[in-house]
Amino acid sequence: MAKLILSMDGLVLKEIPLTKERMTIGRRATNDIQIDNLAISGEHAAVVTILNDSFLEDLNSTNGTLINGQPAKKHFLKNNDVIELGKYKLKYLAEHVQQADAADFEKTMVMRPRAAPLGVDEAPAAPVPSADAKNAFNDTMAGQMPRSVAPPVAAAPVAMSGAIQILNGANAGRELELTKTLTTLGKPGVQVAVIAKRPQGYFITHVEGAQFPVVNGQAINVQAHQLADHDVIEIAGIKMEFFLKS
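Residues numbered from 1 in each chain as written. Predicted model: local features only at pLDDT ≥ 70, side-chain atom pairs only at ≥ 80, totals over all residues. Heavy atoms only, no water.

**Concerning the sheet that holds strand 13 (residues 161-166)**
Here's step 1: Within the open sheet, the 6 strands sit side by side as 14-13-22-21-18-19. Their pairing is antiparallel. One side of each edge strand has no neighbouring strand; the edge strands of this open sheet are strand 14 (175-177) and strand 19 (218-219).
Here's step 2: Bridge count between strand 18 (residues 214-215) and strand 19: 2 bridges; the pairing is antiparallel. Within strand 19, the residue paired with Val 215 across the bridge is Gln 218. (Pairing = 2+ DSSP bridges. Helix = DSSP H or I, 4+ residues; strand = E, 2+ residues; numbered from the N terminus.)

Here it is in structure tokens:
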């Protein structure tokens, strides 16, 4: 499990495991990670963790967020990255440091400059967790699912695998089977989302961009959204249909 090490002036204050899919950082007591300092906004930033990957998002804070000394709004966290909030620092430590670091992550993103209008790649499969780990992860995530957006979707049968088909643009008609644990879609700097394959089905999560991905005409929120057969997804102006294959 990845974790954050909170420190100030070189003194370690706390070790914080990233036990939830989305953990907020801020001055208010309602945050998952509270830092009671006037330089920190009420809700300053959030860390979104999907399987072995974590992303930092600044929540329009007053004083901003630095990653390794550079201002950042959205950032894919790498092992030993340092998040700076005022005088406080949060060092990100990944449990499993894979060979694919930020450079490899960039390759998974689509619609890079001078590239085809849309493309998709998949991240390497994560190690298969134990049954106990799966149950603990599923129980945690169940509490994070939005209750008011849509009723729960039935879990995908084990024998079924997911796929997407591009509906518009230069790659219309192209299909991609979602066989890996994590697939990244979108356009860097504009809008990026990931589709995660989990034991109970496929989930789409917003990663980057002012606007959230749209599923069946409605924008999803910050939480992971479970996909159902024949859902129509729109990311960065590209529409695609998610479907299940036997």
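**Things to note about the pairing of strand 15 (residues 182-187)**
Here's step 1: Within strand 15, 5 of the 6 residues are buried, which leaves it mostly tucked inside the rest of the structure.
Here's step 2: Sheet topology places strand 15 next to strand 16 (residues 191-198); 6 bridges connect them, and they run antiparallel. Residue pairing across strands places Lys 187 opposite Gln 191, the latter belonging to strand 16.
Here's step 3: Between strand 15 and strand 16, which follow one another and run antiparallel, lie 3 residues, and Gly 189 among them has a positive phi close to 85 degrees. (Buried < 20%, exposed > 50% of the residue type's maximum accessible area, 1.4 Å probe, protein only.)

**Overview of the environment of Glu 21**
Here's step 1: With respect to the element layout, Glu 21 can be found in the loop between strand 2 (11-17) and strand 3 (22-26).
Here's step 2: Glu 21 sits in the buried class, given a relative accessible area of 3%.
Here's step 3: Sequence separation between Glu 21 and Ile 50 is 29 residues, and the spatial gap between their C-alpha atoms is 6.4 Å.

**Details of the nonpolar core**
Soluble, globular proteins show a tendency: their nonpolar side chains are buried together.
Here's step 1: Leu 4, Ile 83 and Leu 90 are the most contacted members of the largest nonpolar core, which has 22 residues in total.
Here's step 2: Looking at this core, the elements with two or more residues in it are strand 1 (3-8), strand 3, strand 5 (45-50), strand 10 (82-85) and strand 11 (88-93).
Here's step 3: Sort the elements by how many residues they give to this core and strand 11 lands first, with 3 residues.
Here's step 4: Ile 166, Ile 220, Ile 235 and Phe 242 belong to the second largest nonpolar core, which has 17 residues in total. (Core = buried A, V, L, I, M, F, W, Y, C linked by side-chain atoms within 4.5 Å.)

**A few points about the side chain of Ser 41**
Here's step 1: Relative to the helices and strands, Ser 41 is located in the loop between strand 4 (33-34) and strand 5.
Here's step 2: Residue class for Ser 41 comes out buried when judged on its relative accessible area of 11%.

**A few points about the packing of aromatic side chains**
Here's step 1: Taken as a whole and assessed by the stated rule, the structure comprises 2 aromatic pairs.
Here's step 2: Ring plane angle 55 degrees and centroid distance 5.5 Å describe the contact between Phe 55 and Phe 76, whose orientation is recorded as tilted. Note that Phe 55 is positioned in strand 6 (residues 53-58) and Phe 76 in strand 9 (residues 74-76), a separation of 21 residues in sequence.
Here's step 3: Assessed through its relative accessible area of 6%, Phe 55 is described here as buried.
Here's step 4: Ring plane angle 55 degrees and centroid distance 5.5 Å describe the contact between Tyr 202 and Phe 242, whose orientation is recorded as tilted. Taken together, the residues Tyr 202 in strand 17 (residues 201-208) and Phe 242 in strand 22 (residues 238-245) connect sequence positions 40 residues apart. A single burial state applies to Tyr 202 and to Phe 242, both of which are buried. (Phe/Tyr/Trp six-rings, centres within 6.5 Å; stacked < 30°, edge-to-face > 60°.)

**So, the sheet that holds strand 11**
Here's step 1: On the basis of which strands lie adjacent, the open sheet formed by 6 strands has the order 2-1-11-10-7-8 and antiparallel pairing. Of all the strands in the sheet, just strand 2 and strand 8 (70-71) have a single pairing partner and so form its edges.
Here's step 2: Pairing of strand 1 with strand 2 involves 6 bridges; the strand directions are antiparallel. Each bridged residue has a counterpart across the sheet, and for Lys 3 the counterpart in strand 2 is Pro 17.

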